[in-house]
Amino acid sequence: MSPKKMPLEPFKIKAVEKVKLTTREEREKILQEAGYNIFAVPAEKVFIDLLTDSGTAAMSDQQWAWMITGDEAYSGSRSYFRFEATILEIFGFKHVIPTHQGRAAERLLFEAVVREGKHIPNNIHFDTTRANIEVRGGVAVDLAGEEAYDPDSPALFKGNMDVGRLEEFLREKGKEEVPLVMITVTNNSGGGQPVSMANIKAVSKICRKYGIPLFFDACRFAENAYFIQQRESGYQHKSVREIAREMFSYADGATMSAKKDALVNIGGFITLNDDDLAAELINRLIISEGFPTYGGLAGRDLEAIAQGLREGVEEDYLEYRVGQVNYLAELLKEEGVPIYQPPGGHAVYVLADRFLSHLRREEYPGWALSVALYREAGIRACEIGGVMFGRRDEETGQMVFPRLELLRLAVPRRVYTLSHLHYIAEAFASLAEKKESIKGMRIVYQAPYLRHFTVKMEEIS
Ligand code: F0G
């Protein structure tokens, strides 16, 4: 991809949703009322919402059309069979189990396989997979390569697992201690970076050697497959569908949040080969999510997912999608904004501690930048840094911060236009001019878990 190629939308707009730009005075008041927590800002008061790419996609006319045909039968609905057939075709596993979103799929899977003290390696666990493992007393182990933590490394597959460390880990623990291995594509907690086919193959080989199943956390599998096509030798002439099928052929199953690459607002699934495990998951599904042919979703949701998956692997769409994120990254670089390199498939991650280098980590530069960006331009983005992952070491009493202090600008799919991207870059340009005046933050209230959702902050004057 040329550095700043204009992303060309392979669609035109048929329905629009009004957004309103608030005044700076209004935003000041909203921030105060929200306790300087961007999660507490009403979405209507946000002009451009980059909080997440999850469940925020614009659906196509085709998706809406299929929704009308939704079969709402309790059991054996036509919509389920279309959903199942699409997933079997794209993923290639044997069984398909619908769930209401990704974390429900994770809960079912980990409930079935994780026991106290068991280990689940991943490149980097997303927070819901980690939480679903830890809540059952399991240990979530991150084994991404070192370059995942180096925002300046130009490597093209920074989502790769460190196969040396994986092999060592499995040799030491063995099958008894490791019920399964996961790979997250793309690696959301590590800059949205892709995993190469070579790495997937190598991980698969090691897992097979030790007799341990390999599962994908497949939320953004289509973006990952597109990166393989663009970057890995031997894949230029393969279709994204073929690449996805090959990726999955090295694994035993996948969990998926359809809210990402399936272009819907709600939904998820588990797909896998093992008959016994599938039967067990279905029993658990019936207890908590619903009958196996709807799993907590309406028939119309299943239709939207089936159609969304087909659109999500279309190459003109993916070229635009990944191109749009890349274009935003290039605009920000032109304004001198330090970002995690190369940009991810679904988001640009700003290196907040470098941008606000006058602030100490204890002053939460990522959070301060999220507040400043909203105040400046009504744009909402998500801190992935000291507030989200910082914790106090119980022995030393010192705060321990994550290695990267990021502000994630996640781009919803098919939602924002080129001018919106320029507006975001302009907002950063104005912030860059006055960044020394951006104040650090202090926590005034925090919950014991997942504190970023409800934390209350104030600015340090
Ligand atoms: N796995 C990954 C890699 C994710 O990014 C997410 C969600 C999930 C699992 C859970 O899926 O939300 O459908 O239950 N990520 C969203 C985000 C929330 O903003 O990155 P879910």
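Up top is the structure these notes are about.
Residues numbered from 1 in each chain as written. Predicted model: local features only at pLDDT ≥ 70, side-chain atom pairs only at ≥ 80, totals over all residues. Heavy atoms only, no water.

### Brief notes about the state of the cysteines
And step 1. All chains considered together, the criterion is met by 0 disulfides.
And step 2. No disulfide involves Cys 207; its sulfur sits 19 Å from that of Cys 219, the nearest cysteine.
And step 3. Residue classification places Cys 207 among the buried positions, given a relative accessible area of 1%.
And step 4. Lacking any disulfide linkage, Cys 382 is separated from the closest cysteine sulfur, that of Cys 219, by 15 Å.
And step 5. Take Cys 382: its relative accessible area is 5%, and that puts it in the buried class. (Disulfide = S-S within 2.5 Å. Buried < 20%, exposed > 50% of the residue type's maximum accessible area, 1.4 Å probe, protein only.)

### Points about helix α5 (residues 127-134)
And step 1. Among all positions in α5, only Asp 127, Thr 128, Thr 129, Asn 132 and Ile 133 are buried.
And step 2. Tucked into the core, α5 has its buried residues touching α4 (102-113), β3 (119-122), β4 (139-142) and β6 (214-217). (Helix = DSSP H or I, 4+ residues; strand = E, 2+ residues; numbered from the N terminus. Contact = heavy atoms within 4.5 Å.)

### Details of the pattern of salt bridges
And step 1. Tallied over the full model, the rule gives 36 salt bridges.
And step 2. For Arg 24, the salt bridge goes to Glu 376, with nearest N and O atoms at 3.2 Å. Here Arg 24 is found in helix α1 (residues 24-33), whereas its partner Glu 376 is found in helix α14 (residues 365-377), with 352 residues between them in sequence.
And step 3. Residue classification places Arg 24 among the partly exposed residues on the basis of a relative accessible area of 34%. (Salt bridge = Lys/Arg side-chain N within 4 Å of Asp/Glu carboxyl O.)

### What about the sheet that holds strand β10 (residues 379-384)?
And step 1. One open sheet accounts for 4 strands, arranged β1-β10-β13-β9; its pairing is mixed. Two strands bound the open sheet, and with one partner strand each, they are β1 (48-50) and β9 (347-351). If you compare each strand with its neighbour and ignore which way they point, the axes differ by 30 degrees on average.
And step 2. The pairing of β10 with strand β13 (residues 406-410) spans 3 bridges and is classified as antiparallel. Bridge pairing in β13 places Ile 384 opposite Leu 406.
And step 3. Of the strands in this sheet, β9 and β13 touch helix α12 (residues 315-334), which is tilted by about 25 degrees from β9.
And step 4. Helix α16 (residues 418-433) contacts β1, β9, β10 and β13 of the sheet and is inclined by roughly 80 degrees relative to β1. (Pairing = 2+ DSSP bridges. Axes fitted to C-alpha atoms, helices over the stretch in contact; angles between N-to-C directions.)

### Remarks on the nonpolar core
And step 1. Counting residues in each nonpolar core, the largest one holds 63 residues, and the members touching the most others are Phe 91, Val 181, Phe 216, Phe 221, Met 247 and Leu 309.
And step 2. In terms of residue count, helix α8 (residues 221-231) provides more of this core than any other element does, 6 residues in total.
And step 3. If you count residues domain by domain, this core takes at least three from each of domain 1 (24-53 + 315-459) and domain 2 (61-312).
And step 4. What Val 181 contacts, discounting residues up to four positions off in sequence, is Pro 121, Met 161, Leu 166, Leu 170, Val 203, Cys 207, Ile 212, Pro 213, Leu 214 and Phe 215.
And step 5. The next biggest cluster of nonpolar side chains, apart from the first, holds 62 residues, and it includes Val 348, Tyr 364, Cys 382 and Met 441. (Core = buried A, V, L, I, M, F, W, Y, C linked by side-chain atoms within 4.5 Å. Domains from an automatic or database assignment.)

### A short note on the site of the ligand
And step 1. In the vicinity of the ligand, 17 residues are found, and the nearest of them are Thr 52, Arg 103, Ser 257, Lys 260 and Arg 408.
And step 2. In the model, an oxygen atom of the ligand is placed 2.8 Å from a nitrogen or oxygen of the Gln 101 side chain.
And step 3. Here an oxygen atom of the ligand and a side-chain polar atom of Arg 408 are 2.8 Å apart.
And step 4. The element contributing the most residues to the shell around the ligand is α4, with 3 residues.
And step 5. Per-class residue counts for the shell around the ligand are 2 nonpolar, 8 polar and 7 charged. (Near = heavy atom within 4 Å. Polar contact = N/O pair within 3.5 Å; in protein donor to acceptor, adjacent residues only side chain to side chain. Nonpolar A, V, L, I, M, F, W, Y, C, P; charged D, E, K, R; others polar.)

In short, geometric facts, not functional conclusions.
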